[in-house]
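Understanding the architecture of this molecule
One-letter residues, chain by chain:
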Amino acid sequence: MHKGTWLITGGAGYIGSHTIVELISSGYGLVVLDNFVNSDSIVFERIRQITGKNTPYVQADILDQTALECLFTKYAQAGEPIQGVIHFAGLKAVAESVQDPLRYYTNNVEGTLSLLRAMHNTGIKRIVFSSSATVYGRPELLPFTENHQIAPINPYGRTKAQVEQILQDYCAADPEFLVVALRYFNPIGAHPSGLIGENPCDIPNNLFPYITQVASGKLDLLHVYGDDYPTVDGTGVRDYLHIMDLAQGHVKAVEHMLRLGGEGFEVYNLGT
């Protein structure tokens, strides 16, 4: 049963592509918007091999408000209005955000504002925002709960926190606008088929694809940073979340929003 069409921004990326597979399996129609700055359209052929379905996509940037509005209008005029947006599009490397904060604020914050203006102008009222547990900063207690203070310590985390605040303010101004924000740390793994996984175009910023590229000989060395953490060997400890569980979390967020309507702005931790 067709459950309506959703726009997936950044859907050609690691998390987006796995979420697309789960959404298709759950009966949703999809259209993807991606600028392919760190992904490749070949992923859609692999998604077709997994699901038997073609995924329509538009190559455009979320900073292009006109392209977004044209996309929303096109589907509405075709009698298949877009029900909501799952917003993955964004830059996500902490170290890179420290080196080039303006690029991160432009893409992540201004890009989301462009998306929200396009949604406002075309009457779309639902968004699932792929946020990050980096909004918490240094932990006061573990595990993190949704009530932990928001105190990010790098530009990437601050862009996510600022977008969350924008979404909260927009919900307060428009009671019909619904948001589910999902916070999580490090996704790893791949679809059981092995056809899709994490395959960045450049040198990986995440640990596991870096490990696999060293193991395959594509990169020479794995660098370990820090030797004075309060652990057995002094190196850091990180939490990981399997990509398929994370993809299912986004599907559940959509289902929750459609079933219960939501309460304006809602936030949930996944795997923290």
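A short tour of the structure in this document, coming up. (Residues numbered from 1 in each chain as written. Predicted model: local features only at pLDDT ≥ 70, side-chain atom pairs only at ≥ 80, totals over all residues. Heavy atoms only, no water.)

A word on the environment of Gly29
Defined as follows: Put simply, DSSP marks the helices as runs of H or I at least four residues long and the strands as runs of E at least two long, and each gets a number from the N terminus on.
Considering the arrangement of structural elements, one finds Gly29 in strand β2 (residues 29-34). As a C-alpha pair, Gly29 and Ala89 span 60 residues in sequence and 19 Å in three-dimensional space.

A short note on the packing of aromatic side chains
The criterion, for reference: Aromatic rings from Phe, Tyr and Trp, with only the six-membered ring used for Trp, were paired whenever their centres fell within 6.5 Å, and each pair was classed as stacked if the ring planes differed by under 30 degrees, edge-to-face if by over 60, and tilted otherwise. When a residue's accessible area, from a 1.4 Å probe over protein chains only, is under 20% of the maximum for its type it is buried; when over 50% it is exposed; and in between it is partly exposed.
Inspection of the entire model under this criterion finds 6 aromatic pairs. Where Phe44 meets Tyr57, the ring centres are 4.6 Å apart and the plane angle is 15°; that geometry is what we call stacked. Within this pair, whereas Phe44 is found in helix α2 (residues 42-51), its partner Tyr57 is found in strand β3 (residues 57-59), the two being separated by 13 residues in sequence. Residue classification places Phe44 among the buried residues on the basis of a relative accessible area of 5%. Grouped by ring-pair contacts, the aromatic residues Phe36, Phe44 and Tyr57 constitute a single cluster.

Structural notes on the packing of helix α3 (residues 65-77) against helix α5 (residues 101-122)
Convention followed: Here, axes are lines fitted to C-alpha atoms. For helices the fit covers the stretch in contact, and angles between N-to-C directions go from 0 to 180 degrees. Note on convention: the crossing is left-handed when the near helix lies turned anticlockwise from the far helix by less than a right angle, right-handed when the turn is clockwise. When checking whether two residues touch, look at their non-hydrogen atoms; a contact exists if any pair is within 4.5 Å. Gly is put with the polar residues, along with every residue not named as nonpolar or charged; the nonpolar set is Ala, Val, Leu, Ile, Met, Phe, Trp, Tyr, Cys and Pro, and the charged set is Asp, Glu, Lys and Arg.
Two elements in contact, α3 and α5, have axes separated by 9 Å at closest approach and are oriented at 35°. The two elements α3 and α5 cross, and the hand of that crossing is right-handed. When α3 is examined against α5, the residues Gln65, Leu68, Glu69, Phe72 and Thr73 are found in contact with a partner set consisting of Ser114, Leu115, Arg117, Ala118, Met119, Asn121 and Thr122. In the contact of α3 with α5, the residues fall into 5 nonpolar, 5 polar and 2 charged.

As for helix α1 (residues 14-25)
Condition: By this rule, a helix spans an expected 1.5 Å times one less than how many residues it contains.
For α1, spanning 12 residues, the distance from its first C-alpha to its last is 17 Å, which sits close to the expected 16 Å at 1.5 Å a residue. Among the 12 residues in α1, 11 count as buried, and that is most of the element. All buried positions along α1 are accounted for by Tyr14, Ile15, Gly16, Ser17, His18, Thr19, Ile20, Val21, Glu22, Leu23 and Ile24. Just downstream of α1 lies Gly27, where phi reads positive at about 95°.

Observations regarding empty space enclosed by the protein
Going by this rule: The rule is simple: put a 1 Å grid over the protein atoms alone, call a set of points where a 1.4 Å probe fits but cannot get out a cavity, call an open set with protein on both sides within 12 Å along at least five of seven lines a pocket, and count a residue as lining if it has an atom within 4 Å of a point. Grid points are joined across faces, edges and corners, and a volume is the space filled by probe spheres set on the points.
Following the criterion strictly, the structure yields 2 cavities of 30 Å³ or more and no others. Taken as a whole, the second largest cavity spans an internal volume of roughly 40 Å³. Together, His87, Ala89, Gly90, Asn108, Thr112, Phe129, Thr159, Lys160 and Val163 line the second largest cavity. If you list the elements that add at least two residues to the lining of the second largest cavity, you get α5 and α6 (155-173). A per-element tally of the lining of the second largest cavity places α6 first, with 3 residues. Residue composition of the lining of the second largest cavity, grouped by class: 3 nonpolar, 5 polar and 1 charged.

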